[in-house]
Amino acid sequence: MDLYIGNQKYSSWSFRPWIAMKVKGLEFTAVLRRFDDHPERVDFRTFSPTGKVPMLDNNGVKVWESLAILEYLADLHPDKGFWPQDVNQRAHARAISAEMLGGFGDLRSECPMNMARRIGAIDVSEAVRKDVTRIEDIWRECLEKSGGPFLFGEFCNADAMFAPVVNRLEIYELSQDVSVTTYRIAMKSLPAWQEWQAAGRAEPWIYPEDEA
Ligand SMILES: N[C@@H](CCC(=O)N[C@@H](CS)C(=O)NCC(=O)O)C(=O)O
């Protein structure tokens with residue numbers, strides 16, 4: 001199984017299925033394709049129908065879109081807890097994952113994920129503040145109901161969908177909420193998180209447009 005990903009420093013959508021596959025112990029090869037213009041640049045459309053990453057290739061079965069990949073993995077491995085077992089929790093996990101996929105555009109565009117950035121606040125718009133408040137509410141409600149350490153107790157696809165947001169809230173100092181802090185500690189203590197972060201930090205490529 002091959003998972004095509006972008007730069008680990010910046011590619012927030014790639015991070016989502018990658019961390020889920022690592023945490024759930026799946027065997028796969030991560031195929032990194034850099035975004036920037038360089039002499040050996042591969043046109044993303046040669047391997048991905050949308051020209052975007054992530055893209056999963058399971059022996060010729062191609063799945064793109066981060067959330068569709070996570071759904072496919074849950075179908076392939078119903079025993080691995082990619083979604084919560086309880087039907088109501090599963091519905092909640094899917095709802096917030098879909099909200100992440102389609103929403104929080106201001107936060108995503110003003111505050112790019114960056115695994116190598118030093119922590120420090122930047123000026124953000126009121127729209128970003130609203131996104132952050134909504135995320136705090138989502139995480140607080142989930143953690144209070146489940147008791148943590150992850151949104152639904154055990155790590156699941158909803159945690160994968162919000163993983164890049166954990167980085168964004170930290171590096172731009174966007175939240176002082178206690179749920180955000182406790183959730184960040186749990187996420188950052190995952191060996192998978194540390195592996196992705198180390199790889200991102202080791203990348204020499206800097207893209208000014210992603211350096212807020
Ligand atoms: N909705 C897509 C978003 C994918 C996406 O925007 N990927 C970015 C990288 S994080 C990309 O491939 N950008 C390359 C480009 O636009 O040329 C998903 O969830 O997978």
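Source: prediction; values computed, not measured.

Quick notes on the rules
Residues numbered from 1 in each chain as written. Predicted model: local features only at pLDDT ≥ 70, side-chain atom pairs only at ≥ 80, totals over all residues. Helix = DSSP H or I, 4+ residues; strand = E, 2+ residues; numbered from the N terminus. Rg over C-alpha atoms; globule rule 2.2 N^0.38 Å. Buried ≥ 20, exposed ≤ 12 C-beta atoms within 10 Å, placed from the backbone. Contact = placed C-beta atoms within 7 Å. Domains from an automatic or database assignment. Nonpolar A, V, L, I, M, F, W, Y, C, P; charged D, E, K, R; others polar. Near = placed C-beta within 6 Å. Pairing = 2+ DSSP bridges. Axes fitted to C-alpha atoms, helices over the stretch in contact; angles between N-to-C directions. Expected span 1.5 Å × (residues − 1). Arc of directions from axis to C-beta.

### Topic: the overall build of the chain
Thinking step 1. Of regular secondary structure, the chain possesses eight helices and four strands.
Thinking step 2. Each helix and strand of the chain, placed in order from N terminus to C terminus, yields the pattern β-α-β-β-β-α-α-α-α-α-α-α.
Thinking step 3. At 17 Å, the chain has a C-alpha radius of gyration in line with the 17 Å of a compact globule built from 212 residues.
Thinking step 4. Each principal axis of the C-alpha distribution contributes one length, and for the chain these read about 50 × 45 × 30 Å.
Thinking step 5. Sorting the 212 residues of the chain into buried and exposed places 37% on the buried side.
Thinking step 6. In the chain, 72% of the contacts between residues at least 6 apart in sequence involve partners at least 24 apart.

### Some words on the domain arrangement of the chain
Thinking step 1. Under the domain assignment, the chain is made up of domain 1 (2-80) and domain 2 (87-194).
Thinking step 2. Inter-centroid distance (C-alpha atoms) of domain 1 to domain 2 is 21 Å.
Thinking step 3. In terms of residues, the side of domain 1 that touches domain 2 owes the most to one element, helix 1 (residues 12-23), which gives eight residues.
Thinking step 4. Along the lines of polarity and charge, the residues of the side of domain 1 that touches domain 2 split into nine nonpolar, three polar and three charged.

### Some thoughts on the site of the ligand
Thinking step 1. The local shell around the ligand holds 14 residues, among which Ser-11, Trp-13, Lys-52, Val-53 and Ser-66 are the closest.
Thinking step 2. The element best represented in the shell around the ligand is helix 1, accounting for three residues.
Thinking step 3. Split into classes, the residues belonging to the shell around the ligand amount to six nonpolar, six polar and two charged.

### A short note on the sheet that holds strand 2 (residues 29-32)
Thinking step 1. Taken in spatial order, the four strands line up as 2-1-3-4 in an open sheet, and their pairing is mixed. Each having just a single partner strand, strand 2 and strand 4 (61-64) make up the two edges of the open sheet. Within this sheet the neighbouring strands show an average axis-to-axis angle of 20°, counted without direction.
Thinking step 2. Examined bridge by bridge, strand 1 (residues 2-5) and strand 3 (residues 55-58) share three bridges and lie antiparallel to one another. Across the sheet, the residue bridging to Leu-3 is Leu-56, located in strand 3.
Thinking step 3. Seen against the sheet, helix 2 (residues 66-76) touches strand 3 and strand 4 and runs at an angle of roughly 130° to strand 4.

### Focus: helix 5 (residues 126-146)
Thinking step 1. When the terminal C-alpha atoms of helix 5 are compared, their 30 Å separation across 21 residues agrees well with the 30 Å that a helix rising 1.5 Å per residue should span.
Thinking step 2. Those residues of helix 5 lying buried are Val-128, Asp-131, Val-132, Ile-135, Ile-138, Trp-139, Cys-142 and Leu-143. Projection of helix 5 onto a plane perpendicular to its axis shows the buried side chains occupying an angular sector of 125°, all on one side. Turned more than 90 degrees away from the buried face of helix 5 sit Glu-126, Thr-133, Asp-137 and Glu-144, all of them exposed.
Thinking step 3. At the exit of helix 5 stands Gly-147, carrying a positive phi of roughly 85°.

### A look at unusual backbone geometry
Thinking step 1. Of note, the amide linkage connecting Val-53 to Pro-54 takes the cis form, showing an omega dihedral of 10°.
Thinking step 2. You can see Pro-54 is positioned in the loop between strand 2 and strand 3.
Thinking step 3. Positive phi, normally seen in glycine, also occurs at Phe-104, with a value near 55°.
Thinking step 4. Among the secondary structure elements, Phe-104 is positioned in the loop between helix 3 (87-102) and helix 4 (105-110).
Thinking step 5. Phe-104 gets classed as buried once you count the C-beta atoms within 10 Å, which come to 21.
Thinking step 6. Not every positive phi belongs to a glycine, and Glu-173 is a case in point at roughly 50°.
Thinking step 7. In this structure, Glu-173 sits in the loop between helix 6 (157-171) and helix 7 (178-188).
Thinking step 8. Residue class for Glu-173 comes out exposed when judged on the 11 C-beta atoms lying within 10 Å of it.

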